Amino acid sequence: MTMLRVFAEDGRPLSRTRDQSEIARQLAPLGIRFEQWAAAARLSSTAGQDEVLEAYRADVDRLSAENGYRLVDVVRMHPGEADASREAEIARAREKFLSEHAHAEDEVRFFVEGRGCFYLHLDDRVYAVVCEAGDLLGVPAGTRHWFDMGRAPHFCAIRFFQEEDGWLAEFTGNPIATRIPYLDELLAPVP
């Protein structure tokens, strides 16, 4: 259910599409990269970092060479697999990234499985991009944004970095994220 929802800064919905070509078309002029990848091999739900990276090796190598990404890793979150302390850690991580921030380098994520939503605050609009398995989103350095993994996070994503410390968040203090529906609300059936 890849989706793009566009909102005014006050939270008014402006548009919605699930058409991946239309999503890429709308995001490209804003400097946002959106594309789909296919795995070269079938992956199990427990595939480790090396297996995941190898399944997408051609695309990982291409993107890294094009943009100078020197570090690539895999992050995985599954609901219900964590003990109480891990659940609290996940809740804190979700809460932290629900606040608008920017990074000194690009934020690039490829979703191997599951889903998450990037909210991009560009000019007077917020572009909520729900990414699912097969979706790659590239957010340029300095772009104000936030991310929601939902109340019960479930995703596996490949992350790309130029520098080990370049992905540190610089929070803006803008409360705009509180005016836009979170991931779980975005996925609720439209009446």
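Residues numbered from 1 in each chain as written. Predicted model: local features only at pLDDT ≥ 70, side-chain atom pairs only at ≥ 80, totals over all residues. Heavy atoms only, no water.

Caption draft 1: Seen up close, the packing of aromatic side chains. Applying the stated criterion across every chain yields a total of 10 aromatic pairs. Between Trp37 and Tyr56, the aromatic rings sit 6.4 Å apart at their centres with planes inclined by 35°, giving tilted as the arrangement. You can see Trp37 sitting in the loop between β3 (33-36) and α2 (49-55) and its partner Tyr56 sitting in the loop between α2 and α3 (57-67), a full 19 residues away along the chain. In this structure Tyr56 comes out as buried when scored by relative accessible area, which is 6%. With centroids separated by 6.5 Å and ring planes inclined at 80°, the aromatic side chains of Phe111 and Phe118 adopt a geometry described as edge-to-face. (Phe/Tyr/Trp six-rings, centres within 6.5 Å; stacked < 30°, edge-to-face > 60°. Helix = DSSP H or I, 4+ residues; strand = E, 2+ residues; numbered from the N terminus. Buried < 20%, exposed > 50% of the residue type's maximum accessible area, 1.4 Å probe, protein only.)

Caption draft 2: Broad picture of the environment of Phe97. Within the element layout of this structure, Phe97 appears in helix α4 (residues 84-97). Relative accessible area serves as the criterion here: at 17%, Phe97 is assigned to the buried category. Separated by 51 residues in sequence, Phe97 and Asp148 have C-alpha atoms that sit 6.9 Å apart. Once you skip the residues sitting within four places of it in the chain, Phe97 turns out to touch Trp146, Phe147, Trp167 and Ala169. (Contact = heavy atoms within 4.5 Å.)

Caption draft 3: Highlighting the pattern of salt bridges. Following the criterion strictly, the structure yields 17 salt bridges and no others. When the shortest N-O distance is used, the salt bridge between Arg12 and Asp10 registers 3.0 Å. A relative accessible area of 48% places Arg12 in the partly exposed class. With a relative accessible area of 47%, Asp10 lands in the partly exposed category. Residue Arg57 is joined to Glu54 by a salt bridge in which the shortest nitrogen-to-oxygen separation is 3.6 Å. (Salt bridge = Lys/Arg side-chain N within 4 Å of Asp/Glu carboxyl O.)

Caption draft 4: Layout of the nonpolar core. With 22 residues, the main nonpolar core has Leu4, Leu27, Phe118, Leu120, Tyr127, Val129 and Leu137 as its most contacted residues. Ranked by the residues each element gives to this core, the list is headed by strand β6 (residues 107-122), at four residues. Ignoring any residue separated from it by four or fewer positions in sequence, one finds Leu27 in contact with Leu4, Ile32, Phe34, Tyr127, Val129 and Leu137. (Core = buried A, V, L, I, M, F, W, Y, C linked by side-chain atoms within 4.5 Å.)

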